[in-house]
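# Architecture and fold: a report
For reference, the chains in residue letters:
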Amino acid sequence: MDFGEQAFWVGLIKIVWINLILSGDNAVVIALAARALPPQQQRKAIVFGSGAAVVLRVALTLVAAWLMSVPYLQILGGLLLLWIGAQLLRNDDDEHEHGVTHDSLFHAIRTILVADLVMSLDNVIAVAAAAHGSTVLLIIGLALSIPLVVFGSTLMIRLMERFPMVVVFGAALIGWVGGETLIRDAALTPMVNQWPWLHWAVAAVGAVLVLAWGKRMQQRQAVEPE
């Protein structure tokens, strides 16, 4: 596929549009993980997390079809997302009062990478289909998505600072995606084909579970001695 071909530019537009739509949940994860950091470290977490997310998507595209067919892999990934969502609801008061260390920056970036690794499995299949086998088109399209994720993450952090309920909605979204990831596992496909409503039910349970789990951890933090 050549740069001068119409198909190339049509494919590129498709990839950018797909990433614009599908990068919302990634932006939420990055914002939740980075919100407790000082402004300078927030920028580092957003840039490093967003860049690494795109690299992961490029790498995952090469093996995405195989990964999606491995039984129980998405179940494990979904459970991991539920755990991450609950962890991101923890109180950050102590971090704000005593300062955030470099370990916290590393922890935020690590959380972003792990979550994006799981959440990108579905995304890369849509992007790969739009690229029609063109590696150049795939890389260019995904590279252009970096500003989208960075801008989205920065905007989400500002909203979380101004409206604390956005944090709750963000964690619920991660729980929803975790439930969706879990139920889409190859081992559960026959069950979902028989009962299609399970997809929505498990996703909703994932969102509720993350909120309940996160709330429980907040309560435990409140009663722990300083």
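Below, the structure is looked at part by part.

Cut-offs and rules
Residues numbered from 1 in each chain as written. Predicted model: local features only at pLDDT ≥ 70, side-chain atom pairs only at ≥ 80, totals over all residues. Heavy atoms only, no water. Helix = DSSP H or I, 4+ residues; strand = E, 2+ residues; numbered from the N terminus. Buried < 20%, exposed > 50% of the residue type's maximum accessible area, 1.4 Å probe, protein only. Contact = heavy atoms within 4.5 Å. Areas by Shrake-Rupley, 256 points an atom, 1.4 Å probe, with all protein chains shown as cover. Axes fitted to C-alpha atoms, helices over the stretch in contact; angles between N-to-C directions. Parallel < 35°, antiparallel > 145°, perpendicular 65-115°, else oblique. Left-handed = near helix turned anticlockwise from the far one by under 90°. Salt bridge = Lys/Arg side-chain N within 4 Å of Asp/Glu carboxyl O. Core = buried A, V, L, I, M, F, W, Y, C linked by side-chain atoms within 4.5 Å. Lys, Arg positive; Asp, Glu negative; His and termini not counted.

## Remarks on the overall build of the protein
Scanning the protein from terminus to terminus reveals 10 helices and zero strands. Helices and strands in the protein line up, N terminus first, as α-α-α-α-α-α-α-α-α-α. By the burial criterion, 45% of the 226 residues in the protein qualify as buried. Contacts in the protein between residues far apart in sequence, at least 24 positions, make up 86% of those at least 6 positions apart. Working note: accessible area of the protein is about 12200 Å², and carbon and sulfur atoms make up 69% of it.

## Some points on the packing of helix α2 (residues 24-34) against helix α8 (residues 165-183)
Close contact between α2 and α8 brings their axes to 10 Å; oriented N to C, the two are set at 125°. Accordingly, the angle class assigned to the pair α2 and α8 is oblique. Crossing angle aside, the handedness with which α2 passes α8 is left-handed. Touching D25, V28, V29 and L32 of α2 are V167, G170, A171, L173, I174 and V177, all from α8.

## Let's talk about the pattern of salt bridges
By the definition in use, this model includes one salt bridge. Between E161 and R158 there is a salt bridge; the shortest N-O distance is 3.8 Å. Of this pair, E161 and R158 are both found in helix α7 (residues 135-162), three residues apart, which corresponds to roughly one turn of the helix. A residue is classified by how much of its surface remains accessible, and R158, at 43% relative accessible area, is partly exposed.

## Concerning the nonpolar core
Counting 32 residues, the largest nonpolar core has L32, L81 and M160 as its most contacted members. Mapped onto this core, the elements with two or more residues apiece are α2, α3 (39-69), α4 (73-87), α6 (102-131), α7 and α8. The residues touching L32, leaving out its near neighbours within four places in the chain, are L88, M160, V167, G170, A171 and I174. Of all hydrophobic cores here, the second largest spans six residues; its members include L182, I183, L188 and V192.

## A look at the environment of I157
For I157, the position within the fold is in helix α7. In sequence terms I157 and V167 are 10 residues apart; their C-alpha atoms lie 9.1 Å from each other. Apart from residues no more than four positions distant in its own chain, I157 is found in contact with A31, A34, Q42 and I46.

## Considerations on the side chain of D185
Looking at the element boundaries, D185 is found in the loop between α8 and α9 (189-194). Of the side chains bearing the opposite charge, R184 lies closest to the buried D185, which forms no salt bridge; the N-O distance is 11 Å. Residue contacts for D185: discarding those within four places in its chain leaves V70, P71, Y72, L73, Q74 and I75.

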